[in-house]
Amino acid sequence: MKIAIVEDQAKERERIKKCFQQFETEENIVLSLTFFGDGIEIVDQYAGDFDIIYFDVEMPIMDGMTAAKKIRAVDANVLIVFITNYVQWAIEGYSVNASDFLLKPVTYFNFTEHFKRIMPKLLNDNQKFLSLKTNNGIRKIRLDELIYIESEGHYLHLYTLNDKLTVLDTMKKFEQDLKEDHFFRCNNCYLVNLKHVQSVDKNIATVGNYLLQISRPRKKSFMEALTQYIGAEV
């Protein structure tokens, strides 16, 4: 999960960071945190790649409510939580479909109660996730964000919209697990999410921003799978 915290006070940023770190340890999950010092920073850099954004309401250049409204105008799905000293902000929060509010100073008890409430929204039943065992514990990634998987010896490299992960596993297992989710091999080394196939030119498939070789023995079956997928989506 990718989480943004927009908070101008260093002391509050550290307090929230410790809450997340303790929660990660206790729940054995991996959370990716990105910090911004003001609302204008996240608005200027926003690429739609966060699952949830925490906004401090009061910031000097662009306050959290203004920033949230600008984010909501371009992203209807990201979860928004406000961190504030004043409960009256809750009313205005409805205008941006805020998921929750945290009152300052944030305590770990209040944080855990909040995050347990919001977790079902992050991991809703309509969104499929892939759970991976990494050196840091369990990492969950959205299947629709997984572009393709590359096999290299005993390792698999998973390329997502946001990053690249490496795990010790077999391609055969992933191929079987993802068979019903429109993943198909274009050669022995690549297992492709058909959703991200942009085009095919001779023996080269453009998958996301990557150019992948289609092997001659697999081309017919790959094209049949891609055609069937496209037909089902239309």
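Up top is the structure.
Scoring rules and cut-offs
Residues numbered from 1 in each chain as written. Predicted model: local features only at pLDDT ≥ 70, side-chain atom pairs only at ≥ 80, totals over all residues. Heavy atoms only, no water. 1 Å grid on protein atoms, 1.4 Å probe; cavity = no way out; pocket = protein on both sides within 12 Å on 5 of 7 lines; lining within 4 Å. Points joined across faces, edges and corners; volume = space filled by probe spheres on them. Helix = DSSP H or I, 4+ residues; strand = E, 2+ residues; numbered from the N terminus. Nonpolar A, V, L, I, M, F, W, Y, C, P; charged D, E, K, R; others polar. Axes fitted to C-alpha atoms, helices over the stretch in contact; angles between N-to-C directions. Parallel < 35°, antiparallel > 145°, perpendicular 65-115°, else oblique. Left-handed = near helix turned anticlockwise from the far one by under 90°. Contact = heavy atoms within 4.5 Å. Pairing = 2+ DSSP bridges. Phe/Tyr/Trp six-rings, centres within 6.5 Å; stacked < 30°, edge-to-face > 60°. Buried < 20%, exposed > 50% of the residue type's maximum accessible area, 1.4 Å probe, protein only. Lys NZ or Arg CZ within 6 Å of the ring centre and 35° of its normal. Core = buried A, V, L, I, M, F, W, Y, C linked by side-chain atoms within 4.5 Å.

Which parts of the structure should I look at to understand the layout of surface pockets?
In this approach, a probe sized like a water molecule rolls over the atoms, and the result shows the empty space that is left. Considered as a void within the structure, the second largest pocket measures approximately 350 Å³ in volume. Around the second largest pocket, the lining is made up of 15 residues, and of these Lys179, His182, Phe183, Phe184 and Ala225 lie nearest the centre. Sort the elements by how many residues they give to the lining of the second largest pocket and helix H7 (residues 216-233) lands first, with five residues. Of the residues that constitute the lining of the second largest pocket, the class distribution is six nonpolar, three polar and six charged.

I would appreciate a short explanation of the packing of helix H1 (residues 10-27) against helix H5 (residues 108-122) in the present structure.
For any two helices packed against each other, one specifies the inter-axial angle together with the distance between the axes. In contact at an axis separation of 10 Å, H1 and H5 are set at 60° when each is read in the N-to-C sense. Put simply, H1 runs oblique to H5. For the crossing formed where H1 meets H5, the hand is right-handed. The segment H1 lies against H5, with Cys19, Phe20, Gln22, Phe23, Glu26 and Glu27 engaging Tyr108, Phe111, Thr112, Phe115 and Lys116. Considered class by class, the residues forming the contact of H1 with H5 number six nonpolar, two polar and three charged.

Would you mind going over the sheet that holds strand S3 (residues 52-56) with me for this structure?
Backbone hydrogen bonds hold the strands of a sheet together, and the pairing may be parallel or antiparallel. In spatial order, the strands read S2-S1-S3-S4-S5; together these five strands make up an open sheet with parallel pairing. Each edge of the sheet is formed by a strand with only one pairing partner; in this case those strands are strand S2 (32-36) and strand S5 (100-103). Each neighbouring strand pair of the sheet contributes to a mean axis angle of 20°, computed without reference to strand direction.

Just checking my understanding: could you explain the packing of aromatic side chains for this structure?
Using the criterion set out here, one finds 16 aromatic pairs in the structure. Judged by centre distance (4.5 Å) and plane angle (10°), the ring pair of tyrosine 148 and tyrosine 159 falls under stacked. You can see tyrosine 148 sitting in strand S8 (residues 146-152) and its partner tyrosine 159 sitting in strand S9 (residues 155-160), a full eleven residues away along the chain. Neither tyrosine 148 nor tyrosine 159 differs from the other in exposure class; each is buried. Three or more aromatic residues joined by ring pairs make a cluster, and in this case those are Phe20, Phe23, Tyr54, Tyr108, Phe111 and Phe115. Against the face of phenylalanine 50 rests lysine 2, its NZ or CZ located 5.8 Å from the ring centre. Over the ring of phenylalanine 174 we find lysine 173; its NZ or CZ atom is 5.7 Å from the centre of that ring.

When you look at the nonpolar core in this model, what are you seeing that I'm missing?
A general tendency of soluble globular proteins is for nonpolar side chains to be buried together. Core analysis: the largest hydrophobic core is formed by 21 residues, its most contacted members being Ile3, Phe20, Ile52, Tyr54, Phe111, Phe115 and Leu122. At the level of elements, strand S1 (2-6), H1, S3, strand S4 (79-84) and H5 are the ones that each hand at least two residues to this core. In this view, isoleucine 3 contacts Phe20, Leu31, Ser32, Leu33, Thr34, Phe50, Ile52, Tyr54 and Phe115; residues no more than four positions away in its chain are not counted.

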